[in-house]
Amino acid sequence: MRRILLFVLTNLAVLTLLTIIVKVFGIDTYTYSQTGINFKGILILSAVVGFGGSFISLLMSKWVAKWQTKAHVIENPSNPTESWLLSTVRRQAEGAGIGMPEVAIYDAPDMNAFATGASRNNALVAVSTGLLQNMSRDEVEAVLAHEVSHVANGDMVTMTLLQGVLNTFVIFLARVIGTVIDRAISGGRDGGGGLAYFAIVIVLQIALGALASIVVFAFSRWREFRADAGSARLAGKEKMISALSRLAQGHGESSLPQAIQAFGIAGGGMRKLFSSHPPIEERIAALRAGQ
């Protein structure tokens, strides 16, 4: 959950910043004219800013994750647990055919872990202190294998491309709808494209970006099944099933910030649309079925 939310929220923040830069430097003035909407110009601008924002978010992902979780990267192991974590991730990375990720521990009571990074050979795998304290070595090994599988599957890059496409449509629609609203408010008395138009576009981008994240979360739920299957190959099916069962038993209060908790992992209706993970019972069933 943490990995996806950090990526989505960072992406929205970067898009907003890029939109402000575009406005300040007058880069998008040619997309708005007295005679009509320059759809081609808006589409080109949307693609450049949309994919640019997505790839900037990807490049920032490790730094943002470390900063948000205050993760301690293990460089020189100071105890047997840290040594075991490094050796386990190294073995799994070799088995998955990727470069050795950075390994980190962050202080949180809930059982959690995440992986992020710009590429298969430049990644970070982090586990919470709660995970290490409440799971057996076999279960932690399975969780690590799950995260390594995310890296090996290139999930963050795939998500970046998906987010880039969604960003393009979000920016395009925000500007087209913003133009229509701005002209309706002004009654067509001026050329438009002023501060009112800019404010409307920012609000529409945030709103449409939140809706677009539903697609990102749907992709996230699908890739969890793939990562579970990868963990079964690297660590063993029963270890992964045991780890999921432990997560189900220990699911309680999350240490995530309140703004992130609002997205929720469990629940139905709208909250389910913003869930990054499918229900644990479905994941266990998929593993037992050999999917």
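See the structure above.
Just so it is clear, the structure is predicted and the values come from calculations on it, not from any experiment. Every chain's residues receive numbers from 1 upward, in the order its sequence appears when written. Side-chain atom pairs in this predicted model are given and counted only at pLDDT of 80 or more, local residue features only at pLDDT of at least 70, and totals for whole chains, interfaces and linings cover all residues. Heavy atoms throughout the structure, all of them, feed into the side-chain values; hydrogens and water do not.

Okay, the overall build of the chain next. For the purposes of this entry, the term helix denotes a DSSP run of H or I that reaches at least four residues, the term strand denotes a run of E that reaches at least two, and both are numbered from the N terminus. Broken down by element type, the chain carries eleven helices and four strands. Relative to its 291 residues, the chain shows a buried fraction of 50%. Of the contacts made within the chain by residues no fewer than 6 positions apart, 74% connect residues no fewer than 24 positions apart. Residue-level accessible areas treat just the shown protein chains as cover; the underlying method is Shrake-Rupley with a 1.4 Å probe. Approximately 13,300 Å² of the chain is accessible, and the part contributed by carbon and sulfur atoms is 63%. When a residue's accessible area, from a 1.4 Å probe over protein chains only, is under 20% of the maximum for its type it is buried; when over 50% it is exposed; and in between it is partly exposed. Contacts are residue-level and defined by heavy atoms, with any inter-residue pair within 4.5 Å sufficient.

Take the sheet that holds strand β4 (residues 122-128) next. By definition, two strands form a pair when at least two bridges between them are found by DSSP. Strand order in the open sheet formed by four strands is β1-β2-β4-β3, and the pairing between neighbours is mixed. In this open sheet, the two edge strands, each paired with only one partner strand, are β1 (72-73) and β3 (113-119). Relative to strand β2 (residues 102-106), β1 is paired through two bridges, and the arrangement is antiparallel. Considered in β2, the bridge of V73 is made with A104. Running at roughly 150° to β3, helix α2 (residues 39-69) makes contact with β1, β2, β3 and β4 of the sheet. In this description, a line fitted to the C-alpha atoms serves as the axis of each element, helices being fitted only across the stretch in contact, and the angle between N-to-C directions of two axes falls anywhere from 0 to 180 degrees.

Between 30 and 60 degrees the pair is tilted, below 30 it is stacked and above 60 it is edge-to-face, where a pair is any two Phe, Tyr or Trp rings, Trp via its six-membered ring, whose centres lie within 6.5 Å. Inspection of the entire model under this criterion finds three aromatic pairs. With centroids separated by 5.6 Å and ring planes inclined at 40°, the aromatic side chains of Y106 and F114 adopt a geometry described as tilted. Exposure remark for F114: the relative accessible area of 1% places this residue in the buried category. Measuring from centroid to centroid gives 5.8 Å for F219 and W222, while their planes differ by 35°, and the two rings are tilted. One end of the pair, F219, and the other, W222, are both in helix α7 (residues 195-234), three residues apart, so they sit about a helical turn from each other. By relative accessible area, F219 is classed as buried at 15%. Using a relative accessible area of 45% as the deciding quantity, one classes W222 as partly exposed.

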